[in-house]
Amino acid sequence: MSHLFEPAASGRAKCRGCAQPIQRTELRFGERLPNPFAEGKLTVWFHPACAAYKRPEPFLQALGETTESVPDRDRLERAARAGLAHRRLPRIDGVERSPSGQAMCRSCRQPIARGSWRIRLVFYEEGRFSPGGFVHLECRKTYFETDDILEQVLYFSPALSDSEREELWSA
Ligand SMILES: [Zn+2]
Ligand SMILES: [Zn+2]
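Being a predicted model, the structure only gives us computed values, none of them experimental.

Participant: Break down the side chain of Glu31 for me, with residues and values.
Facilitator: Relative to the helices and strands, Glu31 resides in strand β2 (residues 27–34). Using a relative accessible area of 3% as the deciding quantity, one classes Glu31 as buried. Within the structure, the side chain of Glu31 is placed 3.0 Å from the side chain of Tyr124, a separation counted as a polar contact. Once you skip the residues sitting within four places of it in the chain, Glu31 turns out to touch His3, Leu42, Thr43, Val44, Phe46, Arg55, Pro58 and Tyr124.

The structure is reproduced here in structure tokens:
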């Protein structure tokens, strides 16, 4: 059995991509992984959009095979293809104002000033995402090798206010 889409049987599973619950009956994406503790495989669940952004390869594989109707399919497929073309895009975990001046930018290796915008990164390994540091908002193009990242950055930043969103759009 390979990666799949299916309607969630309960509302208990949390999305691996954003840590929010997946509602019952909502379509979810399941990534199948070898089970490190037992025979067989285990499944980790995602909202389809979270998987398109953060797990583009298995997402596209399942998209090509599924008979379920995936909401917003064309847009999600484009997002996933962008993530394959630009290998660092799936690391995007949102944007925030730096609460301190201690973190270094992974792109330019300079400190990120307190209060300035930084993009959060995560690294994926065997079904889990771990914190992967930050890059300056200004370093996005150098680091991600594309400037087309805002939709994805905002998607993973649900706590931002409208005025903060506008500020980012104009940046
Ligand atoms: Zn999610
Ligand atoms: Zn930088």
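Participant: Hey, could you go over the coordination of the zinc ion (ligand 2) for me, with residue numbers and the actual values?
Facilitator: Ideal values differ by geometry: the angle at a metal is 109.5 degrees with four tetrahedral donors, but 90 or 180 degrees with six octahedral donors. For the zinc ion (ligand 2), every protein donor is listed as Cys105 (SG), Cys108 (SG), His136 (ND1) and Cys139 (SG), and the spread of their distances is 2.1 to 2.4 Å. Here the zinc ion (ligand 2) is ringed by four donor atoms whose angles at the metal span 99 to 119 degrees, and the overall shape comes out tetrahedral. Read from N- to C-terminus, the donor residues coordinating the zinc ion (ligand 2) fall into the pattern C-x2-C-x27-H-x2-C. Of the two residues, Cys108 sits in the loop between β4 (92–97) and β5 (117–125) while His136 sits in strand β6 (residues 128–136), which places them 28 residues apart along the sequence. Among the residues examined, Cys108 registers a relative accessible area of 30% and is labelled partly exposed. Accessibility expressed as a relative area gives 10% for His136, which makes it buried.

Participant: Provide a residue-level description of the coordination of the zinc ion (ligand 1), including the pertinent values.
Facilitator: Protein coordination at the zinc ion (ligand 1) comes from Cys15 (SG), Cys18 (SG), His47 (ND1) and Cys50 (SG), with a distance range of 2.1 to 2.3 Å. Seen from the zinc ion (ligand 1), its four donor atoms lie at angles of 99 to 119 degrees, and the figure they make is tetrahedral. The sequence motif formed by the donor residues of the zinc ion (ligand 1) is C-x2-C-x28-H-x2-C. A residue pair is termed long-range when its members are at least 10 positions apart, and Cys18 in the loop between β1 (4–7) and β2 and His47 in the loop between β3 (41–46) and α1 (48–54) qualify at 29 residues. Residue classification places Cys18 among the partly exposed positions, given a relative accessible area of 25%.

Participant: I'd like a description of the sheet that holds β4, backed by residues and values.
Facilitator: If you trace the three strands from one edge of the open sheet to the other, you get β4-β5-β6, paired in antiparallel fashion. This sheet does not close on itself; its edge strands, each paired only once, are β4 and β6. Across the sheet, the axes of successive neighbouring strands diverge by a mean angle of 30 degrees, strand direction being ignored. Relative to β6, β5 runs antiparallel, the two being bridged by seven bridges. By the bridge assignment, Arg118 is partnered in β6 with His136.

The rules behind the values
Think of each chain on its own: its residues are numbered from 1, step by step along the sequence as written. All chains are assigned letters beginning at A, and all ligands numbers beginning at 1, according to the order in which they are written. Owing to the predicted nature of the model, reporting of local features is limited to residues with pLDDT of at least 70; listing and counting of side-chain atom pairs is limited to 80 or more, with chain, interface and lining totals taken over all residues. Side-chain calculation: all heavy atoms of the structure are included, whereas hydrogens and water are not. A run of H or I in DSSP becomes a helix once it reaches four residues, and a run of E becomes a strand once it reaches two; helices and strands are each numbered from the N terminus. Here's how the labels work: a residue is buried when its accessible area is under 20% of the maximum for its type, exposed when over 50%, partly exposed in between, all with a 1.4 Å probe on protein chains only. Polar contacts, as counted here, are pairs of nitrogen or oxygen atoms within 3.5 Å of one another; within protein the pair requires one atom able to donate a hydrogen and one able to accept it, and residues that are adjacent in sequence qualify only if both atoms are side-chain atoms. Whether two residues are in contact is decided by their heavy atoms, any of which lying within 4.5 Å being enough. Water is not part of the atom set, so a site may look incomplete; the donors themselves are N, O and S atoms within 2.8 Å of the metal, or 3.2 Å for Na, K and Ca. The rule is simple: four donors are tetrahedral if all their angles sit between 85 and 135 degrees, four are square planar and six octahedral if opposite donors span more than 155 degrees and the others lie between 65 and 115, and anything that fits none of that is irregular. For two strands to be treated as a pair, DSSP must find no fewer than two bridges joining them. Between the N-to-C directions of two axes lies an angle of 0 to 180 degrees, each axis being a line fitted to C-alpha atoms and, for a helix, fitted only over the stretch in contact.

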